[in-house]
Amino acid sequence: MDSVRYDRTGSGPRIPLALKILIAGGFGAGKTTLVSALSEVRPLQTEEVLTGASIGTDDLSGVEAKSTTTVAMDFGRITINDDLQVYLFGTPGQDRFWFLWDELAFGALGAVVLADTRRLADCFPSIDYFEQRGVPFVVGVNCFEGARQFSLESVRQALDLDPDVPLVLCDARERQSGKEVLIALVEHVARQRGEPVPAA
């Protein structure tokens, strides 16, 4: 039988604090891949196969090999310790699913906006969404194999990011790379709130 953890008063089970982080970005930017790489449990995915019905609706320029798309959300979990868990919610990339974003964003600590330099303009809607709602975010430039590489400063200028918004290179397939993006977000949120930056 599993042992039950109790709070410090011994009066009842201890419930861990849950933090919610959104993973956003354009169509095909790597959101599902990042959630899958980070999650300690099998992630919940709402992937559907792209069909002929998406022709004229979904722009596959630069991501022609993409065969599936998220139609609701991705969900993953990371346990930091007995008292803290992080829940990851990957947003759908196409604008026809944006009606889900307000529900997904409710109560979020912050967001990661994944940028694909092959389709950089696709992350503008995500950036605008979080800026307008005052949700702290970082931008992770997902480094796709074979894609032209740009300096972070060039990407920052192209996205017209505020100087205080963290911009980091990442590989959405690699767990450690994804963790570094999340750490950048947590540190950014702490700085905005005037709180001590947690040790990495």
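Scroll up a little and you will see the structure.
One structure accompanies this document, and this report is about it. (Residues numbered from 1 in each chain as written. Predicted model: local features only at pLDDT ≥ 70, side-chain atom pairs only at ≥ 80, totals over all residues. Heavy atoms only, no water.)

## Observations concerning the packing of aromatic side chains
So, step 1. One pass over the full model with this rule turns up six aromatic pairs.
So, step 2. Ring geometry for Trp101 against Phe130: centres 6.0 Å apart, planes inclined by 25°, an arrangement best described as stacked. On the criterion of sequence distance, the pair formed by Trp101 in helix α2 (residues 101-105) and Phe130 in helix α3 (residues 124-133) is long-range, its members being 29 residues apart.
So, step 3. Residue classification places Trp101 among the buried residues on the basis of a relative accessible area of 4%.
So, step 4. Taking NZ or CZ as reference, Lys20 lies 4.9 Å from the ring centre of Phe89, over its face.
So, step 5. Above the face of the Phe144 ring, Arg118 is positioned so that its terminal group lies 4.0 Å from the ring centre. (Phe/Tyr/Trp six-rings, centres within 6.5 Å; stacked < 30°, edge-to-face > 60°. Helix = DSSP H or I, 4+ residues; strand = E, 2+ residues; numbered from the N terminus. Buried < 20%, exposed > 50% of the residue type's maximum accessible area, 1.4 Å probe, protein only. Lys NZ or Arg CZ within 6 Å of the ring centre and 35° of its normal.)

## Digging into the pairing of strand β4 (residues 84-90)
So, step 1. In terms of burial, β4 is largely enclosed, as six of its seven residues are buried.
So, step 2. Examined bridge by bridge, strand β1 (residues 17-25) and β4 share seven bridges and lie parallel to one another. Paired with Ile21 across the bridge in β4 is Leu88. (Pairing = 2+ DSSP bridges.)

## Describing the pairing of strand β7 (residues 167-170)
So, step 1. Relative to β7, strand β6 (residues 137-142) runs parallel, the two sharing four bridges. Within β7, the residue paired with Asn142 across the bridge is Cys170.

## Things to note about a negative patch on the surface
So, step 1. The grouping of Asp128, Glu131, Asp160, Asp162 and Asp164 at the surface amounts to a negative patch.
So, step 2. Looking at where Asp162 falls in the secondary structure, it is placed in the loop between α4 (152-159) and β7.
So, step 3. The class of Asp162 is partly exposed, set by a relative accessible area of 41%. (Patch = residues over 30% accessible without salt bridge, like charges linked within 9 Å, V, L, I, M, F, W, Y side chains within 5 Å. Areas by Shrake-Rupley, 256 points an atom, 1.4 Å probe, with all protein chains shown as cover. Salt bridge = Lys/Arg side-chain N within 4 Å of Asp/Glu carboxyl O. Lys, Arg positive; Asp, Glu negative; His and termini not counted. Charge placed at Lys NZ, Arg CZ, Asp CG, Glu CD.)

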